[in-house]
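What follows is each chain in one-letter form.
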Amino acid sequence: MGDSDTIELWSPVFLTDHEDAAETTASTCSLDRSVWIALMNRREDSRRLFAKIDYEDKVLYIALGSYTDYPLNHSEYSRLILPQWALDILSATGTGDIATVTWLTEEAFPPATRIVLRPHDSAFYHSDAKEELELALTRIGVLQKGQTILVSIQCLGDYPMSFDVVDLEPANIVLADGEEVVMEFEASLDQPPEEPVPRPGTPIPESDFTSMVPTTPPPTIGGRTTGGTNRYMTDGRPWNPYRDT
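**Quick word on the sheet that holds strand β4 (residues 58-68)**
Adjacent strands of a sheet pair through backbone hydrogen bonds, lying either parallel or antiparallel.
For step 1, the next point in the chain: Here we have six strands rolled up into a closed barrel, ordered β1-β5-β2-β4-β3-β6, and mixed in their pairing. The sheet shows a mean angle of 45° between the axes of neighbouring strands, taken without regard to direction.
For step 2, the next point in the chain: Sheet topology note: the strand β1 (residues 3-10)/strand β5 (residues 78-81) ladder contains four bridges and is parallel. By the bridge assignment for β5, glutamate 8 is matched with arginine 79.

**Focus on the environment of alanine 176**
For step 1, the next point in the chain: Relative to the assigned elements, alanine 176 resides in the loop between β11 (173-175) and β12 (182-185).
For step 2, the next point in the chain: Considering only alpha carbons, one finds alanine 176 and isoleucine 115, 61 residues apart in sequence, at a separation of 8.3 Å.
For step 3, the next point in the chain: When neighbours within four sequence positions are excluded, alanine 176 is seen to be in contact with Ala112, Ile115, Leu137, Gly141 and Leu143.

**Some remarks on unusual backbone geometry**
Residues other than glycine predominantly adopt negative phi, and peptide bonds predominantly adopt the trans conformation.
For step 1, the next point in the chain: Cis geometry marks the peptide bond from glutamate 169 to proline 170; its omega dihedral reads 15°.
For step 2, the next point in the chain: Examined against the element boundaries, proline 170 turns out to sit in the loop between β10 (159-169) and β11.
For step 3, the next point in the chain: The phi dihedral of aspartate 158 is positive, around 60°, even though this residue is not glycine.
For step 4, the next point in the chain: Relative to the elements of secondary structure, aspartate 158 occurs in the loop between β9 (148-153) and β10.
For step 5, the next point in the chain: By relative accessible area, aspartate 158 is classed as partly exposed at 47%.

Conventions adopted
- Residues numbered from 1 in each chain as written.
- Predicted model: local features only at pLDDT ≥ 70, side-chain atom pairs only at ≥ 80, totals over all residues.
- Heavy atoms only, no water.
- Pairing = 2+ DSSP bridges.
- Helix = DSSP H or I, 4+ residues; strand = E, 2+ residues; numbered from the N terminus.
- Axes fitted to C-alpha atoms, helices over the stretch in contact; angles between N-to-C directions.
- Contact = heavy atoms within 4.5 Å.
- Buried < 20%, exposed > 50% of the residue type's maximum accessible area, 1.4 Å probe, protein only.

The structure is reproduced here in structure tokens:
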């Protein structure tokens with residue numbers, strides 16, 4: 001579609017029915033009923049729509065869900081309801097922040113072939129939540145490298161768990177419901193880092209200190225070096241040519 005609109009960003013806590021807030025906007029964004037119907041009539045087919053939200057220096061892609069019934073809107077701009085994790089990515093307050101939204105279809109994003117996530121809580125590894133997480137990613141629709149998403153894990157009592165999107169292939173922004181996606185997980189943030197293995201000390205060989213003692217050269221007399229082999233007399237005394245025998 002590629003249509004852009006100026007819009008207000010709101011938190012789901014301002015929904016008329018607070019019990020529906022988490023269910024209708026946990027993974028997707030939503031619009032007022034009249035605006036949602038008008039947008040659906042503008043699209044050319046039944047393909048899923050995604051919002052590209054530009055707010056200050058931040059950009060977020062998120063799937064469009066159903067409509068919501070807000071109290072009467074007195075503003076000149078339409079209201080876009082975002083889950084809290086999306087507001088956190090944009091650093092928005094969720095109280096009517098003015099942003100620009102561009103509506104795109106799923107053809108704007110390459111299907112994911114590899115997704116690497118890092119859970120914030122190690123409880124994820126003690127549950128059978130992988131299939132549940134894959135369904136949640138399909139609902140979210142588009143993932144961006146470096147963002148943090150929030151997913152409610154039903155097998156953990158609907159515990160809301162954050163995941164960092166560490167890496168994606170084949171691009172930094174992908175459609176999360178690819179047919180053949182390799183899911184990988186890094187160690188959770190609450191796991192202490194592995195202590196480095198101490199390096200063994202370098203053994204110091206025993207030195208032969210006698211080899212380090214400098215040798216004294218033989219004395220010289222009149223420029224002539226003395227020395228030679230030691231000679232002994234028959235009675236064992238050292239031979240002295242200057243001594244009378």
